[in-house]
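Examining the three-dimensional arrangement
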Amino acid sequence: MRPFLLGLLLALTLPPFPLGFLAPVVLAFLLQGGFRTGFLMGLGFWGLHLIWLPQSFAQLFGPLGALPFLPLVLFKALSFGLLFALTPMPLARVGGWVVLEWLTEQGDLAFPWGFLGYSLVEAPGRVLAAWGGVYLLSLLVLLVAWGLRERRYWILLPWGVLWLFPLPPEAGPERALLVQGNVNPLAKVQGQLDQGVYLRLTKEALAQYPEAGLVVWPETAVWQIPEEVNRLLQDRLLLTGLNLYGPNRAVLYQGGQVLGHYDKVRLVPFGERFPFRETLGGVYGFFFQAFGLGELADRTPGDRLAPLGPYGTMICYESAFPSVARTLVREGAGVLVLLTNDAWYGPSFGGKQHFALGRLRAVETGRWLLRAGNDGITASIDPYGRVVAQIPPHQEGYLLVPYSLKEGRTLYVRYGDWAVGMALTLFLWGLILRMRAPGWRNR
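What you see is a predicted model; the values in this text were computed from it and never measured. (Residues numbered from 1 in each chain as written. Predicted model: local features only at pLDDT ≥ 70, side-chain atom pairs only at ≥ 80, totals over all residues. Heavy atoms only, no water.)

Next up on the list: the overall build of the chain. When you go through the chain residue by residue, the secondary structure sums to 16 helices and 11 strands. For the chain, the exposed surface amounts to about 18800 Å²; the carbon and sulfur share of it is 61%. (Helix = DSSP H or I, 4+ residues; strand = E, 2+ residues; numbered from the N terminus. Areas by Shrake-Rupley, 256 points an atom, 1.4 Å probe, with all protein chains shown as cover.)

Summed over the entire model, instances satisfying the criterion amount to 19 aromatic pairs. Seen from their ring centres, Trp 159 and Trp 163 are 6.1 Å apart, and the 65 degrees between their planes marks the pair as edge-to-face. With Trp 159 and Trp 163 both in helix H8 (residues 156–164) and 4 residues apart, the pair spans about one turn of that helix. For Trp 163, a relative accessible area of 22% puts it in the partly exposed group. (Phe/Tyr/Trp six-rings, centres within 6.5 Å; stacked < 30°, edge-to-face > 60°. Buried < 20%, exposed > 50% of the residue type's maximum accessible area, 1.4 Å probe, protein only.)

Time to look at the pairing of strand E6 (residues 311–315). Burial analysis of E6 places 5 of its 5 residues in the buried class, the great majority of the element. Burial along E6 is two-sided: Tyr 311, Thr 313 and Ile 315 facing one way and Gly 312 and Met 314 facing the other are all buried. For E6 and strand E7 (residues 335–340), the ladder comprises 5 bridges, and the chain directions are parallel. From the neighbouring strand, Ile 315 faces E7, where its bridge partner is Leu 339. Following the chain from E6 across helix H13 (residues 322–330) to the adjacent parallel E7, one finds a crossover that is right-handed. (Pairing = 2+ DSSP bridges. Right-handed = clockwise from strand over helix to strand, strands pointing away.)

Mapped onto this numbering, the UniProt entry annotates "transmembrane region" (unreviewed entry) at residues 38–54, 66–86, 128–148 and 415–433. Taken as a whole, residues 66–86 contains 86% helix and 0% strand, while its terminal C-alpha atoms sit 32 Å from one another. Across residues 415–433, helical content stands at 89% and strand content at 0%; the span's end C-alpha atoms are separated by 29 Å. (UniProt positions renumbered as here; feature names shortened; annotations may be inferred.)

Right, let's get into the confidence of the model for the chain. On average, the chain scores 91 in pLDDT, and the residues at 70 or more come to 89%. Here residues 437–443 scores under 50 on pLDDT; set against residues more than four positions off or in separate chains, the count is 4 contacts. (pLDDT = per-residue confidence, 0-100. Contact = heavy atoms within 4.5 Å.)

Judged by nonpolar contacts, the single largest core of 103 residues is most densely connected at Leu 10, Leu 27, Trp 97, Trp 113, Leu 214, Tyr 311 and Leu 370. Here this core takes 11 residues from helix H7 (residues 129–149), the largest share from any one element. Apart from residues no more than four positions distant in its own chain, Leu 27 is found in contact with Leu 10, Trp 97, Leu 116, Val 141, Leu 142 and Ala 145. Counting 23 residues, the second largest nonpolar core, distinct from the first, contains Val 183, Tyr 198, Leu 201 and Val 251. (Core = buried A, V, L, I, M, F, W, Y, C linked by side-chain atoms within 4.5 Å.)

Looking now at the packing of helix H5 (residues 69–86) against helix H6 (residues 90–103). Two numbers describe how H5 lies on H6: the axes approach to 10 Å, and their chain directions differ by 150 degrees. Judged by the inter-axis angle, H5 sits roughly antiparallel to H6. Read as a crossing pair, H5 and H6 show a hand that is right-handed. Here Ser 79, Phe 80, Leu 83 and Phe 84 of H5 lie close against H6, whose contacting residues are Arg 93, Gly 96, Trp 97 and Leu 100. Residues of the contact of H5 with H6, tallied by class, amount to 5 nonpolar, 2 polar and 1 charged. (Axes fitted to C-alpha atoms, helices over the stretch in contact; angles between N-to-C directions. Parallel < 35°, antiparallel > 145°, perpendicular 65-115°, else oblique. Left-handed = near helix turned anticlockwise from the far one by under 90°. Nonpolar A, V, L, I, M, F, W, Y, C, P; charged D, E, K, R; others polar.)

Right, let's talk about the sheet that holds E7 for a bit. Pairing between the strands of a sheet is mediated by backbone hydrogen bonds and can be parallel or antiparallel. With mixed pairing, the 5 strands of this open sheet are ordered in space as E6-E7-E8-E9-E10. Since the sheet does not close on itself, it has two edges, and those belong to E6 and strand E10 (387–391), each with one partner. Averaged over all pairs of adjacent strands, the angle between strand axes in this sheet comes to 15 degrees, irrespective of strand direction. Bridge count for strand E9 (residues 378–381) against E10 is 4 bridges, and the pairing is antiparallel. Its bridge partner being in E10, Ser 380 is matched across the sheet by Ala 389. Packing against the sheet, H13 makes contact with E6 and E7, and its axis sits at approximately 160 degrees to E6.

In spatial order, the strands read E5-E4-E3-E2-E1-E11; together these 6 strands make up an open sheet with mixed pairing. Bordering the open sheet on either side are strand E5 (257–263) and strand E11 (397–403), each of which pairs with just one other strand. On average, adjacent strands in this sheet sit at an angle of 25 degrees to one another, irrespective of strand direction. Sheet topology note: the strand E1 (residues 174–180)/strand E2 (residues 214–216) ladder contains 3 bridges and is parallel. When the bridges of E2 are listed, Leu 177 appears paired with Val 215. Contacting E1, E2 and E11, helix H10 (residues 196–208) runs over the sheet at an angle of about 145 degrees to E1.

With that settled, the discussion passes to unusual backbone geometry. Along the chain, Pro 15 connects to Pro 16 via a cis peptide bond; the corresponding omega equals 5 degrees. Topologically, Pro 16 is positioned in the loop between helix H1 (2–11) and helix H2 (23–28). Gly 376 connects to Ile 377 through a cis peptide bond whose omega is -5 degrees. Among the secondary structure elements, Ile 377 is positioned in the loop between strand E8 (369–373) and E9. Even without glycine at this site, Gln 234 takes up a positive phi of about 60 degrees. Within the secondary structure, Gln 234 sits in the loop between helix H11 (229–233) and strand E3 (237–243). Among the residues examined, Gln 234 registers a relative accessible area of 55% and is labelled exposed. For Cys 316, which is not glycine, the phi dihedral falls at a positive 50 degrees. Note that Cys 316 resides in the loop between E6 and H13.

So, in structure tokens, the structure goes:
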């Protein structure tokens, strides 16, 4: 029972909960134990960390919407059980934990949630993500935990510094208008999308904030660019999501012309793309019918990650992937723009959790992040990860926000996931120490 409770406590150290500073203390008790400890800890951790899934889906689709929660939690708990079984040495577990996080970002079933580095999202020390990404933060949290386990309590001093040191100001001379329509997500799926809400809100906003040079609408905001938008925008740029039947698309529009488009590359498994459909066709059909969605087709993924001019556009789920933002900046993005529809989370804390993940993409890349959400959280985030301005969720609204087009590359953009390589080295070194012959240390 103790590992299960520790898993619950560990989940409380990650967003949206405010106990990130306690993460190493909890982890210090989890650097020992085998498969059973890891599995029970995983049940507690993932059960609480992902509790938004049954909360949101049950409200949207009825009681059956909660069914996918159980196999996901069991699978994630099993992965922790295997990690603990393979890493009896604490140092090996420190490295193996980060490697496991990295593996969850890879492949068609990627689900990069629950990284320990996000415990620092409210700490000024998150700026270290510009050196090695969220994986470096995860490694630091685990190393502090390892130090506590070894009774090296002095390590709490640098850990405390990460939560206390001041950050410099950041200027944002450009102005963008972010629009939040608060449209029911099921209405979009069922073809009842009202495009007029974005025209109305944009008209009101531009009358109040004519200095805006860029207007941003969220993911799948409209079926097509409305004809009225030319007169409304004049020479301003519009970046919006289109609700197409094939790709999940973002377009950059100005003066009656589409200047470029980007199709979402990282699709949501079992949401926009249905893996193993030939084998699981009957299971999918049951849920589609139970949810009243009819027969859903897979979205068409984009060919490559590329910015729209200087705007590194991400669509919803993609903001959870460090590699996506990094690639966009390497391809020339001067600012990150996230178009999202978090209304699927319903009243749960899933939307706040998703928002926290995206904040680190700004830090990792040294870019401003403009976030336009259908029902929130719509916000501007500076390159230090600070929320400069935001609209409260679950309501219509618009917001004039600052940003700037940045140049240069952070160490993370240049060198990528080198912290994972360090973690892999610790993992292997820990295993070597475990397998060494008696008396090896004294030779």
